[in-house]
Amino acid sequence: QLDTHHQQALALRLTKCHLETMGRSLVTSEDGNACEDFHQPSAVKECLSNLSTTAATTYTLFFKDLHSLCSRLLQESITKRYYQTTQTLEHVSKLAEARLQNILQQQEESSLFWKEKEERMTQWFHEQSQLSANQALEFHEQIQSKQQEDLHRHKEELQSLADALQVTKASIQPWTQLVDLVFR
């Protein structure tokens, strides 16, 4: 994005080149050196104040077209970034959803595995009359502890995915607002 000073300087250069091609002068005064250096805003302002009528009209047309072009390029750039960011968010969302489904499936399988194991062990304990009630309770607590560890691990993974999704949404929100402003 060119700022106003750079747009003015470029429009002056285009005007000067165009008028020189036609054999016309850029300025009305004898001091043509006022329009040689366009790097400083003050030099651009001084040159603009000395433009001939033809040069002023030509400059105005070039500046208007250049400003429109810059605005269109900025809008295209913002739109492109918006769509790229939207596609990235969509891709990340799909990955997060797939990972979440995988975690939920693993959690279900783990829960089923430990439930079946607990049932088999409980049945075995009942069949073994010489085992004490304390040993059976201790084993049951070990199984429950393992289930809690698995559940905690899955919750942490889910939270990590949720956090990543929030960060992605937060990074897209400014672009979405900017695009909304541009299209209004």
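Preceding this section is the structure that the text describes.
Every chain is numbered on its own, with residues counted from 1 as its sequence reads. This being a predicted model, a pLDDT of at least 70 is required before a residue's local features are given, and a value of 80 or more before pairs of side-chain atoms are given or counted; all residues contribute to the totals for chains, interfaces and linings. The side-chain values count all of the structure's non-hydrogen atoms but skip hydrogen atoms and water molecules.

Attention now moves to the nonpolar core. Residues Leu12, Leu26, Cys35, Phe38, Cys47 and Leu51 are the most contacted members of the largest nonpolar core, which totals 14 residues. Of all the secondary structure elements, the ones that give two or more residues to this core are α1 (4–21), α2 (41–49) and α3 (53–127). In this text, helices come from DSSP runs of H or I with a minimum length of four residues, and strands from runs of E with a minimum of two, each type numbered from the N-terminal end. No other element matches the four residues that α1 contributes to this core. Residues within four places of phenylalanine 38 in sequence aside, it is in contact with His5, Ala9, Leu12, Arg13, Val44 and Cys47. Residues grouped as a nonpolar core are buried Ala, Val, Leu, Ile, Met, Phe, Trp, Tyr and Cys residues, joined through side-chain atoms within 4.5 Å. Between buried and exposed lies partly exposed: a residue is buried under 20% and exposed over 50% of the maximum accessible area for its type, with that area taken using a 1.4 Å probe on protein chains only. Any two residues having at least one pair of non-hydrogen atoms within 4.5 Å are treated as being in contact.

Here the focus is the packing of aromatic side chains. Geometry of aromatic contacts follows a simple scheme: Phe, Tyr and Trp rings, the Trp one being its six-membered ring, pair when their centres are within 6.5 Å, and the pair is stacked under 30 degrees between planes, edge-to-face over 60, tilted otherwise. On inspection of all chains with the given rule, the structure shows three aromatic pairs. Plain terms: the ring middles of tyrosine 59 and phenylalanine 63 are 5.9 Å apart, the flat faces sit at 25 degrees to each other, and that makes the pair stacked. Here phenylalanine 63 and tyrosine 59 lie together in helix α3, a separation of four residues that amounts to about one turn. The class of phenylalanine 63 is partly exposed, set by a relative accessible area of 21%. Here the aromatic rings of tyrosine 82 and tyrosine 83 are separated by 5.4 Å at their centres, their planes lie at 70 degrees, and the arrangement is edge-to-face. Of the residues examined, tyrosine 83 reaches a relative accessible area of 48% and is grouped as partly exposed.

No statement about biological role is implied by the geometric values presented.
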